[in-house]
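One-letter residues, chain by chain:
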Amino acid sequence: MTTAVLSSASTSGNREMLGLLGRTPLARVTVDLPCPQPGFWAKLEGLGVGGMKARAAVSMLLGAKERGELRPGAPVVESTSGTLGIGLAFAGQALGHPIVLVGDIELEPSMRQLLRTYGIRLELVDRPAAEGGWQAARLARLRELLALLPDAYWPDQYNNPDNTAGYASLAAELATQLDHLDVLVCSVGTGGHSAGIIGPLRRHWPELRLIGVDATGSTIFGQPARSRLMRGLGSSIHPRNVAYDAFDEVHWVGPAEAADACRRMAVGNFVSGGWSSGAAALVAAWAARVHPGAVVATVFPDGPHRYLGSVYDDDFAATHGIDPATAVTRPVEIPHPRAVEATGWARCGAVTDPLDTPGKENP
Ligand SMILES: Cc1ncc(COP(=O)(O)O)c(C=O)c1O
């Protein structure tokens, strides 16, 4: 079966598909999150073909082809918790490359099925690494596959600058859709979309503030690694695509606040998404409240469908001790990422690269 799947992608691809990329709508979100807020804009990337990460996937494969690192028809191998997988399925079909993905057993059955439906060969690791968690376990298996598959190319989304570059189109769309922008709020996983959008948008609006949204228990902005329930945002490694210098502040959000925001939006504003959209929306609503009159925008990386059995499921919430009713209304202020462990919604104006010592202080 593996051989059949790997040989089924057309080696020439179907480049006409690339014309479908992007052009996603911008929605106004005005529902209480959790208290009244003036409203913010949400870029609905879940409504674009192949999802938000199709932009990054196409950019990474095109870049590798141009440099001769990805040979015609060669397989592409990547580690993903799902979103990039869908994007790579699209890019692989458009550019003529079979896709092999390494996920883990926490990947939802519906996402596994969707990836396989798109012709992807999916491998699942069944236990997190002692250091580096699921991501490190997936990367270990990925390295084994690279050794086994001749000519295989690894995009390495955490460190590949073409991931970031793929979001130039998203920035261009926002610059056309909005007359002005004061605050951009982005969830951070690989760091790709925040880094890719902020550069072009600051050339347009030099005073634009960037707020990063991370998950509690994520190491990206210097917090200690803990097991994390939320997927998409957050990481247990230190991705090099994170544009630390570009962030004015960072927030850490826990599952109760993110789920509460998702549910409120679904019921009161129709547009919603998963953990990262909920966390970003919570912080965008807060930013709109604390900066009266400011134009605030955020990105919803995907829609709600993947999360029906988690974010939107009462049994899941009860099993995992999430009570959206306990979601707090404002963040706890912490002076430095290493000063206090954020166990719920927290905010810090000192953004540092945990692999560097000096940081950038913002009042
Ligand atoms: C659902 C979801 N939201 C947010 C992110 C974070 O985006 P980025 O990797 O561009 O930082 C990801 C990344 O995998 C994701 O899958």
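Coordinates for the structure precede this section.
None of the values given here were measured: they were computed from a predicted structure.

Definitions and limits used
- Residues numbered from 1 in each chain as written.
- Predicted model: local features only at pLDDT ≥ 70, side-chain atom pairs only at ≥ 80, totals over all residues.
- Heavy atoms only, no water.
- Helix = DSSP H or I, 4+ residues; strand = E, 2+ residues; numbered from the N terminus.
- Rg over C-alpha atoms; globule rule 2.2 N^0.38 Å.
- Buried < 20%, exposed > 50% of the residue type's maximum accessible area, 1.4 Å probe, protein only.
- Contact = heavy atoms within 4.5 Å.
- Areas by Shrake-Rupley, 256 points an atom, 1.4 Å probe, with all protein chains shown as cover.
- Lys, Arg positive; Asp, Glu negative; His and termini not counted.
- Charge placed at Lys NZ, Arg CZ, Asp CG, Glu CD.
- Near = heavy atom within 4 Å.
- Polar contact = N/O pair within 3.5 Å; in protein donor to acceptor, adjacent residues only side chain to side chain.
- Nonpolar A, V, L, I, M, F, W, Y, C, P; charged D, E, K, R; others polar.
- Domains from an automatic or database assignment.
- Pairing = 2+ DSSP bridges.
- Axes fitted to C-alpha atoms, helices over the stretch in contact; angles between N-to-C directions.
- Phe/Tyr/Trp six-rings, centres within 6.5 Å; stacked < 30°, edge-to-face > 60°.
- Lys NZ or Arg CZ within 6 Å of the ring centre and 35° of its normal.
- Parallel < 35°, antiparallel > 145°, perpendicular 65-115°, else oblique.
- Expected span 1.5 Å × (residues − 1).

Talk me through the overall build of the protein chain; I want residue IDs and the actual numbers.
Scanning the protein chain from N- to C-terminus turns up 11 helices and 13 strands. The C-alpha atoms of the protein chain give a radius of gyration of 19 Å, which matches the 21 Å a tight globule of 363 residues would have. Dimensions of the protein chain, computed from C-alpha atoms along their principal axes, come out at roughly 55 × 45 × 45 Å. For the protein chain, with 363 residues in total, the buried portion stands at 59%. Across the protein chain, contacts joining residues at least 24 apart in sequence account for 71% of those joining residues at least 6 apart. On the protein chain, roughly 14,700 Å² of surface is accessible, and the fraction owed to carbon and sulfur atoms is 54%. Side-chain charges in the protein chain split into 31 positive and 36 negative, and the spacing between the mean points of these groups amounts to 3 Å.

Go over the site of the ligand, please, and point to the residues and values.
The full set close to the ligand counts 15 residues, and Lys-53, Thr-83, Gly-189, Thr-190 and Ser-276 are the nearest of them. Taking Gly-191, its main chain carries an N or O atom lying 2.8 Å from an oxygen atom of the ligand. Ser-276 is positioned such that a nitrogen or oxygen atom in its side chain is 2.6 Å from a nitrogen atom of the ligand. Here the ligand, which alone exposes 390 Å², has 96% of that area covered by the protein. Residue classes in the shell around the ligand are distributed as 4 nonpolar, 9 polar and 2 charged. There are two domains that each give the shell around the ligand at least three residues, and those are domain 1 (19-47 + 162-353) and domain 2 (51-159).

Describe the sheet that holds strand β10 (residues 332-333), listing the residues and the values that go with them.
Here 8 strands make up an open sheet; going across it, the order is β1-β2-β9-β6-β7-β8-β11-β10 and the pairing mixed. A single partner strand is all that each edge strand has here, and the edge strands are β1 (26-29) and β10. Pairing analysis gives 3 bridges linking strand β6 (residues 183-187) to strand β9 (residues 296-300), with the strands arranged parallel. Across the sheet, Val-183 pairs through a bridge with Val-296, a residue of β9. This element, helix α7 (residues 168-177), spans β1 and β2 (40-44) of the sheet and lies at about 140 degrees to β2. Against the sheet, helix α8 (residues 192-204) engages β6, β7 (209-215) and β9, with an angle of about 165 degrees to β6.

Go over the packing of aromatic side chains with me, naming the residues and quoting the values.
One pass over the structure, following the stated rule, counts 3 aromatic pairs. Ring plane angle 75 degrees and centroid distance 5.5 Å describe the contact between Phe-221 and Tyr-244, whose orientation is recorded as edge-to-face. Taken as a pair, Phe-221 in the loop between β7 and β8 (249-253) and Tyr-244 in the loop between β7 and β8 lie far apart in primary sequence, 23 residues in all. Classification of Phe-221 by relative accessible area gives buried; the value is 0%. Judged by centre distance (6.4 Å) and plane angle (45 degrees), the ring pair of Trp-275 and Phe-316 falls under tilted. One end of the pair, Trp-275, is in helix α10 (residues 275-290); the other, Phe-316, is in helix α11 (residues 314-319), with 41 residues separating them in the sequence. With relative accessibility at 17%, the residue Phe-316 sits in the buried group. Members of the aromatic cluster, connected to one another through ring pairs, are Phe-221, Tyr-244 and Phe-247. A cation over an aromatic ring shows up here: Arg-28 above the ring of Trp-41, its NZ or CZ 4.9 Å from the ring centre.

Run through the packing of helix α9 (residues 255-268) against α10, naming residues and quoting values.
Axis separation between α9 and α10 bottoms out at 7 Å; the angle between their running directions is 90 degrees. Judged by the inter-axis angle, α9 sits roughly perpendicular to α10. Here α9 contributes Pro-255, Glu-257, Ala-258, Ala-259, Ala-261, Cys-262 and Met-265 to the contact with α10, which in turn contributes Trp-275, Ser-277, Gly-278, Ala-279, Ala-281 and Leu-282. Across the contact of α9 with α10, the residue classes break down as 10 nonpolar, 2 polar and 1 charged.

Go over α9 with me, naming the residues and quoting the values.
Side chains that are three or four residues apart share a direction in an α-helix, a result of its 3.6 residues per turn. The end-to-end C-alpha separation of α9 is 20 Å, in line with the 20 Å expected for 14 residues at 1.5 Å each. Regarding α9, the residues found buried are Ala-256, Glu-257, Ala-258, Ala-259, Asp-260, Ala-261, Cys-262 and Met-265. The elements touched by buried residues of α9 are β1, β8, α10 and β9. Phe-270 sits one or two residues past α9 and shows a positive phi near 65 degrees.

With reference to specific residues and values, describe unusual backbone geometry.
Omega for the peptide link from Leu-33 to Pro-34 comes to -20 degrees, which places this bond in the cis form. Mapped onto the secondary structure, Pro-34 falls in the loop between β1 and β2. Positive phi, normally seen in glycine, also occurs at Arg-23, with a value near 55 degrees. Arg-23 gets classed as exposed once you look at its relative accessible area, which sits at 62%. In this structure, Asp-156 takes a positive phi of about 55 degrees despite not being glycine.

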